[in-house]
Amino acid sequence: MRQSDLPLLEALHRYKGQAPSSYHVPGHKSGVFLSKLEGTSDSVVYDKALIFKTLLNIDITEITGLDDLHEPSGVIAEAQALAADCFGADHTFFLVNGSTVGNLSLILTVCEPGDLIILSRNVHKSVIHGLMLAGAKAVFLPANVDASTGFSYEVYSQHLKEALEQYPQAKAVFLTNPNYYGLTIDLESIAQLVHEYNIPLLVDEAHGAHFGIHPKLPKSALACGADGVVQSTHKMLTAMTMGSMLHIQGARLDVTLVKQRLSMLQSSSPSYPIMASLDLARWLIIHYGYAWAEDVINEIEAFKIWVKDETHFGIWDNDDPFKIMMFDRTGSLSGYELQQALEARGCYIEMADPENTLILLSLASTKQDIEKLVENLKEIQLVFRLKEQEIEAHFTNKVSRLEYIKQLKLSKPVHFHLSQWKGHKNPDQTTLVLLENAIGECSAEMIIPYPPGIPVLLSGETITKEIVVYLKKCADMGARFQDAYDSSMQSVLIYKSN
Ligand SMILES: Cc1ncc(COP(=O)(O)O)c(C=O)c1O
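None of these values were measured; they are calculated from a predicted model.

## Re the overall build of the protein
Looking only at helices and strands, the protein features 17 helices and 17 strands. For the protein, the C-alpha radius of gyration of 24 Å lies close to 23 Å, the compact-globule estimate for 498 residues. In terms of overall dimensions, the protein has C-alpha extents of about 70 × 60 × 55 Å along its principal axes. The 498 residues of the protein split such that 55% are buried. Only carbon and sulfur atoms are counted for the fraction: they give 52% of the accessible area of the protein, which is about 22000 Å². Separation between the mean location of the 41 positive side-chain charges and that of the 59 negative ones in the protein comes to 4 Å.

## Considering the pairing of strand E2 (residues 116–119)
The side-chain alternation of E2 yields two buried faces, one formed by Leu-116 and Ile-118 and the other by Ile-117 and Leu-119. Bridging between E2 and strand E3 (residues 137–140) involves four bridges; their strand directions are parallel. Paired with Leu-119 across the bridge in E3 is Phe-140. In this region the chain leaves E2, passes through helix H7 (residues 125–134) and returns to the parallel neighbour E3; the handedness of that crossover is right-handed. Where E2 and strand E6 (residues 173–176) come together, two bridges link them in parallel fashion. Paired with Ile-118 across the strands is Val-173, a residue of E6.

## A look at the confidence of the model for the protein
Averaged over every residue, the pLDDT of the protein is 91; residues scoring 70 or more account for 93%. The low-confidence segment residues 389–397 (pLDDT under 50) makes 13 contacts with residues lying over four places distant or belonging to another chain.

## Examining the pattern of salt bridges
The tally for this structure, following the rule as stated, stands at ten salt bridges. For Glu-301, the salt bridge is made with Lys-216, and the minimal N-O distance between the two is 3.3 Å. Here Glu-301, found in helix H13 (residues 272–310), pairs with Lys-216, found in the loop between strand E7 (201–204) and helix H10 (221–224); they are 85 residues apart in sequence, far enough to count as distant. Judged by relative accessible area, which is 33%, Glu-301 ranks as partly exposed. Taking the relative accessible area as the measure of exposure, Lys-216 reaches 41% and is therefore partly exposed. Where Glu-299 meets Lys-367, a salt bridge forms, and the shortest distance between an N and an O atom there is 3.7 Å. Of this pair, Glu-299 sits in helix H13 while Lys-367 sits in helix H15 (residues 367–383), and the two are 68 residues apart along the sequence.

## A look at the site of the ligand
Around the ligand, the surrounding shell holds 13 residues, and the nearest of these are Thr-100, Asp-204, His-207, Ser-232 and His-234. Between an oxygen atom of the ligand and a side-chain N or O atom of Thr-100, the distance comes to 2.6 Å. Among the elements of the structure, helix H6 (98–110) and helix H11 (233–236) are those that each provide at least two residues to the shell around the ligand. Here the element with the most residues in the shell around the ligand is H6; it accounts for four residues.

## Regarding the environment of Ile-118
Its place among the elements puts Ile-118 in strand E2. Ile-118 sits in the buried class, given a relative accessible area of 0%. Along the chain, Ile-118 and Tyr-167 lie 49 residues apart, while their C-alpha atoms are 8.5 Å from each other.

## Some points on the sheet that holds strand E10 (residues 313–315)
Strand pairs in the sheet, formed through backbone hydrogen bonds, run parallel or antiparallel to each other. Strand order in the open sheet formed by four strands is E10-E11-E13-E12, with antiparallel pairing between adjacent strands. Only two strands of the sheet have a single neighbouring strand rather than two, namely E10 and strand E12 (351–352). With three bridges joining them, E10 and strand E11 (residues 323–328) adopt antiparallel strand pairing. Each bridged residue has a counterpart across the sheet, and for Ile-315 the counterpart in E11 is Met-326.

## Considering the pairing of strand E13 (residues 356–360)
In terms of burial, E13 is largely enclosed, as four of its five residues are buried. The sheet contact formed by E11 and E13 spans five bridges and is antiparallel. Across the sheet, Ile-324 pairs through a bridge with Ile-359, a residue of E13. Two strands pair when backbone bridges link them, and E12 and E13 are joined in this way by two bridges, in the antiparallel orientation. Bridge pairing links Ala-352 to Thr-357 in E13.

## Topic: the packing of aromatic side chains
With the rule as written, the count across this model stands at six aromatic pairs. A ring pair is formed by Tyr-180 and Tyr-181, whose centres lie 6.4 Å apart and whose planes are at 45 degrees; its orientation type is tilted. Here Tyr-180 falls in the partly exposed class, since its relative accessible area comes to 29%. Taking the centre distance of 6.1 Å and the plane angle of 55 degrees together, the rings of Trp-283 and Tyr-288 count as tilted.

Cut-offs used in this document
- Residues numbered from 1 in each chain as written.
- Predicted model: local features only at pLDDT ≥ 70, side-chain atom pairs only at ≥ 80, totals over all residues.
- Heavy atoms only, no water.
- Helix = DSSP H or I, 4+ residues; strand = E, 2+ residues; numbered from the N terminus.
- Rg over C-alpha atoms; globule rule 2.2 N^0.38 Å.
- Buried < 20%, exposed > 50% of the residue type's maximum accessible area, 1.4 Å probe, protein only.
- Areas by Shrake-Rupley, 256 points an atom, 1.4 Å probe, with all protein chains shown as cover.
- Lys, Arg positive; Asp, Glu negative; His and termini not counted.
- Charge placed at Lys NZ, Arg CZ, Asp CG, Glu CD.
- Pairing = 2+ DSSP bridges.
- Right-handed = clockwise from strand over helix to strand, strands pointing away.
- pLDDT = per-residue confidence, 0-100.
- Contact = heavy atoms within 4.5 Å.
- Salt bridge = Lys/Arg side-chain N within 4 Å of Asp/Glu carboxyl O.
- Near = heavy atom within 4 Å.
- Polar contact = N/O pair within 3.5 Å; in protein donor to acceptor, adjacent residues only side chain to side chain.
- Phe/Tyr/Trp six-rings, centres within 6.5 Å; stacked < 30°, edge-to-face > 60°.

What follows is the structure in structure tokens.
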């Protein structure tokens, strides 16, 4: 096995080099249909569709020599073994449906119906969906959000220990690390603790596929001792969108079962461009990861100093230098307004919340990207005439908004099942009421304001006055409520009392 190899990408090129005629799927025949459009009266569509040409040329399927993702023994097996070696796993599975499918498969590996698992509150919705598919029970750890920023999400060992003691039947612990904002938890000591109970630690490292490739980046979850790790290689490394990896180490997870779950959940026609882009992403880390990270991190460090010394903007401290959480210290521009101002100048950012804009750079970012940001921030500062004297005046609001989250305790076990999603179709048991009338009622849905993306209400939990106040504040400040029955948060689904 040589890390200089690119088995999957090379196999695609070898195949194309034979100028093969296709008598198999996909029906686009390596994009040949495009040439049938050429010269027709639809030249405008043809010109636009041409963008697919290069991509469709390598969009092949499992024909001879190209292996089978679900039973790999050739180039896919080699590419996965190289990835395992690169990331420090015993087994690596390529994912063609994002970290979403990795999270689903991990939950379905460790949980049978009725089994219990311990989770952090800030898990991605794919984890919740996995619990629904599995019919599993979950206990959510207390949420520890830093009230001054609203970003940090700590999992304290002491809380985890309490949960592990109280629920010895737990099949696994599932945590998110890092969070969206590039903040991390002390995964190494958490892994040690979880292993004392001889259960696996599963980590959703969707936002940390680049961890460990440079000393200025946090250690990867695998290096910290996690047993199952899901990474969105497409988010912070260079794979195509949806290209992700699931890594397994040690013997606490049943690898055969993981494989079986993945073959249930992943397409039987996986995308070769996505898989080959995973192969290439691994190769790039080996050959250029450190050097490119070094260059971009140096640029980012200089940028942060400039922002701090010469602008009215601020940047929160975090653990991942590639995630820049910027805010207007004068309070003149909300996070959304700063986003709009940047986008009006051609700088599209990752996301915004009421206070902050999240700027995401990666190994592929360039000096010019940073220069463009500098130029535009200078201009925005002038155009909006940000007033220095107002600096830091607006943060009091935020602290009170987050006060509620800090009070969330270890939850009771919540039993997930697929029919929960159909609560509104079950008028015998549930009903929709105005939020202010829901105090004292039992929630029939999970309510997750984004930001900060932490479930405030779980199905079965009592809706308190504090929760109603908090949810109203979140809604007023522009938070989104994905998957809530009423995404405007005027009303909430509750269980009818008998
Ligand atoms: C923490 C976390 N986990 C998992 C996912 C799903 O990742 P993917 O988009 O690769 O399916 C996301 C998506 O943003 C996420 O934020």
